[in-house]
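Okay, here's what each chain looks like letter by letter:
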Amino acid sequence: MNEFQYKGKEIRQEFFSDCFDEGLARMHFEDCRFSGIRFDDILFDHCTFVRCTFSGCRLGASEFRFCAILNCIFRMCSMFSTVFDNCKLTGSAFFDVDAPYFEINGGDWSFTDLRDLSFYKMELHHINFEGADFTGCCMDHATISNCCMRHARFGSTSMDSADLHESSLSGSNLSGLILRKTKIDLQQAVLLAESLGADYEP
């Protein structure tokens, strides 16, 4: 992981198209655009991005560590093995992103647009996904434990052989889930039955 090129600066309404060869620490970017940049193997440490757009960027093996990425857009980016470590991504969206083997370690992903992303075999623990949109996502064989998924959107969301124990699903429309050999707890079973029009009587 590369060390820091820029540290402790605030940048607003800038357009970037050059490659970054070193990491970023405690930077604040607001209303900035990053187009076609190679961020491969770059460390973003305690950085803040507000209403920024990443278009066609390469983020392979890069790591966002304790970053705030708020209301940002990732469009047509390559995110092979990208790591988000305890980051806040509230309101951010991912469109046409290629993200095999990316990792999410904790953090706040509330109200994110994650449509069509693959979470295949991912380990997801203690993450806030409240209000997130998982439409079209593949979550097969994923372990999703102690996550908040209240009021999340599910539509053609596959969870074949996934484990959902101790994650909160209240307020979500579970009828959009595709379940097969999915491990759920009693509370989730009740919510699933109710979403299908059944009444639970203990």
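Predicted, not measured: the structure shown is a model, and the values here were computed from it. (Residues numbered from 1 in each chain as written. Predicted model: local features only at pLDDT ≥ 70, side-chain atom pairs only at ≥ 80, totals over all residues. Heavy atoms only, no water.)

Engineer: Which residues make up the nonpolar core, and what values go with them?
Structural biologist: By size, the foremost hydrophobic cluster in this structure holds 58 residues, and its most contacted members are Phe-34, Phe-49, Phe-119, Phe-129 and Phe-134. If we ignore the near neighbours within four places in the chain, the residues touching Phe-119 are Phe-102, Ile-104, Leu-114, Leu-124, Phe-134, Cys-137, Cys-138, Met-139, Asp-140 and Ala-142. (Core = buried A, V, L, I, M, F, W, Y, C linked by side-chain atoms within 4.5 Å. Buried < 20%, exposed > 50% of the residue type's maximum accessible area, 1.4 Å probe, protein only. Contact = heavy atoms within 4.5 Å.)

Engineer: So what about unusual backbone geometry? Which residues, and what values?
Structural biologist: The backbone of Gln-13 shows a phi angle near 55 degrees, a positive value even though the residue is not glycine. Considering the arrangement of structural elements, one finds Gln-13 in the loop between strand 2 (10–12) and strand 3 (15–16). You can call Gln-13 exposed: its relative accessible area is 65%. (Helix = DSSP H or I, 4+ residues; strand = E, 2+ residues; numbered from the N terminus.)

Engineer: Any chance you could break down the side chain of Thr-182 for me, citing the residues and the numbers?
Structural biologist: Secondary-structure assignment places Thr-182 in the loop between strand 20 (177–178) and helix 1 (186–195). Only 2.6 Å separates the side chain of Thr-182 from the backbone oxygen of Met-159, close enough to count as a polar contact. Those residues within four positions of Thr-182 in sequence are excluded, and the remaining contacts are Met-159, Asp-160, Ser-161, Ala-162 and Leu-164. (Polar contact = N/O pair within 3.5 Å; in protein donor to acceptor, adjacent residues only side chain to side chain.)

Engineer: Requested: an account of the pattern of salt bridges, with residues and values cited.
Structural biologist: Here the structure, examined in full by the defined rule, presents 11 salt bridges. Its salt-bridge partner being Glu-30, residue Arg-51 comes within 3.1 Å of it at the nearest N-O pair. With a gap of 21 residues between them, Arg-51 in the loop between strand 8 (48–50) and strand 9 (53–55) and Glu-30 in strand 5 (residues 28–30) connect regions that are remote in the sequence. Taking the relative accessible area as the measure of exposure, Arg-51 reaches 41% and is therefore partly exposed. Note that Asp-40 is salt-bridged to Arg-38, the shortest N-O span being 3.5 Å. (Salt bridge = Lys/Arg side-chain N within 4 Å of Asp/Glu carboxyl O.)

Engineer: Could you give an account of the packing of aromatic side chains, with specific residues and numbers?
Structural biologist: Summed over the entire model, instances satisfying the criterion amount to 24 aromatic pairs. Ring centres of Phe-34 and Phe-49 lie 6.1 Å apart, and the angle between their planes is 70 degrees; on these two criteria the pair is classed as edge-to-face. Residue Phe-34 is found in strand 6 (residues 33–35), and its partner Phe-49 is found in strand 8; the two are separated by 15 residues along the sequence. Considered together, Phe-34 and Phe-49 belong to a single accessibility category, that of buried residues. In textbook terms, an aromatic cluster arises when at least three aromatic residues are bridged by ring pairs, as seen for Phe-16, Phe-29, Phe-34, Phe-39, Phe-44, Phe-49, Phe-54, Phe-64, Phe-74, Phe-84, Phe-94 and Trp-109. (Phe/Tyr/Trp six-rings, centres within 6.5 Å; stacked < 30°, edge-to-face > 60°.)

Engineer: Describe helix 1, with residues and values.
Structural biologist: Owing to its 3.6 residues per turn, the α-helix aligns residues three or four sequence positions apart on the same side. Every buried residue belonging to helix 1 is among Gln-188, Val-190 and Leu-192, and all of these are buried. Capping of helix 1 at its N-terminal end is provided by Asp-185; its side-chain oxygen lies 3.4 Å from the backbone amide nitrogen of Gln-187.

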